[in-house]
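# Overview (structure and organization)
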Amino acid sequence: MQNLNLNRPFSIPNSGPRPSPFGQQPHFPPSAVSAGFPVASPPMSRPGPQPGVVGRPAVSPTGPPQSMLPANVPPGRPVGPPVSQPSPFGSRPPPASLSSSTGGPVLHSSTFPSSGIPSVGVAPPPPGARRSPFVSSSPLTGGPAVPSSSAGGPFSNGPPAIGSGALPGAPRFPPAASISQPPVGPPPTMMSARAPGQAPTMRSVLGSSAVSSPPAPPMPSASPFSAMPQVRPPPPGSPYGPQTWPMQPQQGTQPPLIPGFTQAQPPRMFGMPHQLPNQAMTTIPPAMGQPGAPLSGPSKIDPNQIPRPIPSSSPIVYETRQGNTANLPPPATSDYIVRDTGNCSPRYMRCTINQIPCTADLLTTSAMQLALLVQPMALPHPSEDPIQVVDFGESGPVRCSRCKGYINPFMKFIDQGRKFICNLCGFNDDTPRDYHCNLGPDGRRRDADERPELCRGTVEFVAPKEYMVRDPMPALYFFLIDVSMNAIQTGATAAACSAINQVICDLPEGPRTLVGIATFDSTIHFYNLKRVLQQPLMLIVPDIQDVYTPLQTDVIVQLSECRQHLELLLENIPTMFQSSKTAESCFGAAIKAAFLAMKSTGGKLLVFQSVLPSLGIGALSSREAEGRTNISAGEKEAHKLLQPADKILKTMAIEFAEYQVCVDVFVTTQTYVDIASICVIPRTTGGQVYYYYPFSAVSDSAKLYNDLRWNITRPQGFEAVMRVRCSQGIQVQDYSGNFCRRIPTDIDLPGIDCDKCILVTLKHDDKLQDGSECAFQCALLYTTVYGQRRIRVTNLSFPCTTMLSNLFRSADLDTQFACFLKQAAIEIPTSPLVQVREQVTNLCINILLSYRKFCATVSSSGQLILPEALKLLPLYTLALIKSTGLRNDGRIDDRSFWFNYVSSLSTPLAVPLVYPRMFAVHNLNSKEGDESVFPPIIPLSSEHVSDDGIYLLENGEDALIYFGSSVDSSILQQLFGFTSVDEVPTQFVMQQYDNPLSKKFNDVVNVIRCQRCSYLRLKLCKKGDPSGLLFFSCMVEDKNASGPSYVEFLVHIHRQIQMKMS
């Protein structure tokens, strides 16, 4: 996706053309916004090409921000400034809303013929369809279509394909054009205005109150891994052109109701009779299914019939609400385009269950989690409408005077519009005089479809002065580089300096962008970059116990004033320290000193660290040897090595967060560095850890550059505060993610970006009324990189239900599993691994037991019945048990990195992390005529891996390329430039050779990099080598040292359910 220069105010001096992060020239046509609403378009860039490979043409400026809608002024005015971020301090944000219902197919067992599955009747809800106070009668569509572009020429470590505008997750966005060379630039943004559509018609499905569900053959479920959409490229000359997106129902779940889209079943209004839930059945032979039966008997389960992810073939168009009720969201890992018709896009906020249980007892009975996964700045699909920006002037957005919830589509206006009822707390409020509008015959305001805040699930408000306790902070980037002997000798220092030098041109333009730089080994070295000096001046801080900083005005300077000095310094740092014999590192003291320099403004601190911090504040000792002893002695207290060594760094991190300093750490190491202690700082300040082990200057420099570039150019905000509000009857129980929390209701985020996700667990504090709706509102107050204060408000509203079958029908598998994953990660540092694995397995068993006991009717005890919406839960649970974080054999640092990576992981990346995608690479040429870039996805079982094949396996962060022992030498030559498996190198830099097979392989890798927003480390593996064992440890469906096979795990689950039933 194109790097959309986020909210670049056109009044900024020196805001001329800015080089594209991807070496392409993004074009930003002036945007015509639907109904005259201002648009908020965040910057979107993707991991880019290897340093120095592609030139960087200048990017056309995005143009002046458009003026915003003043309060009570009808649309039609020029649109407002680009979407930005909420302001740092001040008013807190509110929650969001959404609702839906589900059904599911029957996965029939292959073992014995089914005698027929009795249909499960679902009692219809009380008569009378519930009406939401506000239904968006016109979808106000018209969004930016983002053209793709491609850069020609061969390249190394190919830059990600940006053309398709795919977001992280499964191949989610269709390629905008056929990619001949891996595209290397983010697509520009363009918006097409469209008149508001007609109100959706409401059709009842009378007569369908009972639907019997005969056993069906295995039905594809909407897979977490969609293959690349097959969409014809737009005509040349039109960025994305007038492309038609095929609307397709999700496979295996009730398709979203889309106007004009023919469905096998008419849309059902809430309150009408439900479709009966289908159930997926996997039959377990009675001999193995009885309690106490041994697992060793010959299993008759056909491995080809057990549930597996099935890729979807093309993107679906998903309308968030229709006919006054919420549609079920598509799977997070599928390919979809959202039309926001009242509920927010599921990219921004998802719930584990899309109908809310009316009582805590009903939720407990289901054994499912009730939680939200909130990713407030997630990247939209390029074909989706941009978030509208609304400016209420000095008065600020309309809010409930009791709970402070923000105006949203679910607030009901009464008394001819003079009052409104808050959908969150139920309070009756007076409508501000300048916001009054009469109601239409349907009870909605006549201007509802013209006001984004009354018809869209996500909107952004301009924050007035009262929301700020100080002026918005500048965009400050401070680089801190390890120059100890190890860092110099491994090439880590040179790689860091090279990466920083190349991303300088991607920093925001203008006088508000400040930079600083320091290096450290056993002492700290600041650099005065002022233009008046002939060259940068080194300022050494020798005291690493009681650190101080030179004068701030000397070490933090406007980028426009010091660019030449900074580039010169970065070129010289590796040679300045090349003869250094200092092996120690004062990491803690160095970040403390950098913080003191940044304290008055706040900003981003980017640290490059290579060795264990051994001196000064927060010095650490190597605990790894102790860890090995503990693990081999039966894991006694071994998990304590995954906790920080002491509280010093945590105390520092809380102070950093208080002063709005966000820390990212790039760990380029070949040894143990105690990630468990170091990661406390990024985790508390809204940053993240990047981990390159073992670091190789040959193969990891390109990834380091791309990671740094994406970190700086992705949509992000500073000094943010977030709060989730819920309807009466539900309250927030806890937040989990990368943030600092000083008061119970809010979380502080010194930095927030499009990749960060927050887990919000919920609980009942009262009963909800059946047939009513339960709303959630998330509000994020933040500062854009261009200094604008914004409040991004995200709303969801779901129907409430008293029926257990509705909960299972509307369960969201990806979100449930992401919740499992994050809760397991929280437990890892405090509990023995055996206990964590048991807890995860029991969570899965209890959910399936509840369904079997209360919702399913089946005649044979030899059948394992899985709810359709959750039929892949056992597979993903098994994959989690065998993952890096929960295995006994992992390095301490690897496991520490894994659970810290998971803490802020987005929902679309949760499943791939533990159940990666695998493709066959050796037969890419056989796909003639197939428009999809991707070959078929292969199940993770060694029986699908042949000795004469080459396979690519990727989990969103790393990629393994496996060579069988008898691969055709001509294929090896075409793809990798060598002819024998014996020549497989240990360090690998991907090249594109002049042949069709190599080109297709590069296309696949680059599209994956684009989708995942990660450059992916490529590691070569071959049979009979330790690297081959690493590859086969990812075959989660096989039995191995980490756990049972998939079939055995299903048998185990079935046995446990039978024991509990009896």
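Residues numbered from 1 in each chain as written. Predicted model: local features only at pLDDT ≥ 70, side-chain atom pairs only at ≥ 80, totals over all residues. Heavy atoms only, no water.

### A look at the pattern of salt bridges
Where we set the bar: When a carboxyl oxygen of Asp or Glu lies within 4 Å of a side-chain nitrogen of Lys or Arg, that pair is called a salt bridge. Helix and strand assignments follow DSSP, with helices taken as H or I runs no shorter than four residues and strands as E runs no shorter than two, numbered in order from the N terminus. With a 1.4 Å probe rolled over the protein chains alone, any residue whose accessible area is under 20% of its type maximum counts as buried; one over 50% counts as exposed, and the rest are partly exposed.
Under the defined criterion, the tally for this structure stands at 35 salt bridges. Here glutamate 460 and arginine 792 are joined by a salt bridge, their closest N and O atoms 2.6 Å apart. Here glutamate 460, found in strand 16 (residues 458-462), pairs with arginine 792, found in strand 31 (residues 789-801); they are 332 residues apart in sequence, far enough to count as distant. Of the two residues, glutamate 460 and arginine 792, neither departs from the other in class, the shared state being buried. One salt bridge connects aspartate 947 with lysine 1023, and the closest N-O pair in it is separated by 3.0 Å. With aspartate 947 in the loop between strand 33 (917-920) and strand 34 (950-954) and lysine 1023 in the loop between strand 36 (1017-1022) and helix 22 (1026-1032), this pair connects stretches of sequence that are 76 residues apart.

### Describing the confidence of the model for the chain
Convention followed: A score between 0 and 100, pLDDT records how confident the predictor is in each residue. Contacts are assigned to residue pairs that have any heavy atoms within 4.5 Å of one another.
For the chain, the mean per-residue pLDDT works out to 77, and 69% of the residues sit at or above 70. Contacts for the low-pLDDT stretch residues 1-38, under 50 throughout, to residues beyond four places or in other chains number 216 contacts. Low pLDDT, under 50, characterises residues 629-635; the stretch is placed with 14 contacts to residues that sit more than four places away or in other chains.

### So, the sheet that holds strand 14 (residues 419-421)
In sheet architecture, strand pairing relies on hydrogen bonds along the backbone and comes in two forms, parallel and antiparallel. Stated precisely, the cut-off is as follows: Paired strands are those between which DSSP finds at least two bridges. To get an axis, a line is fitted to the C-alpha atoms, and for a helix only the part in contact is used. The angle between two axes follows their N-to-C directions and goes from 0 to 180 degrees.
Pairing is antiparallel in the open sheet, where three strands are placed in the order 13-14-15. Of all strands in the sheet, those bounded by a partner on one side alone are strand 13 (412-414) and strand 15 (428-430). For this sheet the average axis-to-axis angle between neighbouring strands, irrespective of direction, equals 35°. Here strand 13 pairs with strand 14 via three bridges, running antiparallel. The residue bridging isoleucine 414 from the neighbouring strand is lysine 419, located in strand 14.

### Quick look at the packing of aromatic side chains
Here is the rule: Ring geometry is summarised as follows: Phe, Tyr and Trp rings, the Trp one being its six-membered ring, pair when their centres sit within 6.5 Å, and such pairs are stacked at plane angles under 30 degrees, edge-to-face over 60 and tilted between the two. We call a charge positioned above a ring when the Lys NZ or Arg CZ atom is no farther than 6 Å from the ring centre and deviates by at most 35 degrees from the ring normal.
Scanning the model with the defined rule gives 25 aromatic pairs in all. Here the aromatic cluster, defined as three or more aromatic residues joined through ring pairs, consists of Phe963, Phe976, Phe978, Phe988 and Phe1001. If you follow arginine 445 out to its NZ or CZ, it ends over the ring of tyrosine 435, 4.3 Å from the centre. Here the guanidinium or amino end of arginine 891 rests over the ring plane of tyrosine 693, the centre of that ring lying 3.7 Å away.

### Some remarks on the packing of helix 20 (residues 969-976) against helix 21 (residues 996-1012)
Spelled out, the test is: These descriptions rest on fixed angle ranges, namely under 35 degrees for roughly parallel, over 145 for roughly antiparallel, 65 to 115 for roughly perpendicular, and the rest for oblique. By the definition used in this description, the sense in which the near helix is turned from the far one sets the handedness, with an anticlockwise turn below a right angle giving left-handed and a clockwise turn giving right-handed. The classification used treats Ala, Val, Leu, Ile, Met, Phe, Trp, Tyr, Cys and Pro as nonpolar, Asp, Glu, Lys and Arg as charged, and all other residues, Gly among them, as polar.
Put simply, helix 20 and helix 21 touch, their axes get as near as 8 Å, and they point 60° apart. Classified by the interaxial angle, the pair formed by helix 20 and helix 21 is oblique. Seen from above, helix 20 lies across helix 21 with right-handed handedness. Across from Ile971, Gln974, Leu975 and Phe976 in helix 20, the residues of helix 21 making contact are Leu997, Ser998 and Phe1001. Residue composition of the contact of helix 20 with helix 21, grouped by class: five nonpolar, two polar and no charged.

### Things to note about the sheet that holds strand 26 (residues 730-736)
What the four strands build is an open sheet, ordered 9-11-29-26; its pairing is antiparallel. In this open sheet, the two strands that pair with only one neighbour each are strand 9 (349-351) and strand 26. On average, each strand axis in the sheet is tilted by 25° relative to the strand beside it, whichever way the strands run. Here six bridges tie strand 26 to strand 29 (residues 758-764), and the two strands are oriented antiparallel to one another. The residue of strand 29 that forms the bridge with aspartate 734 is threonine 761.

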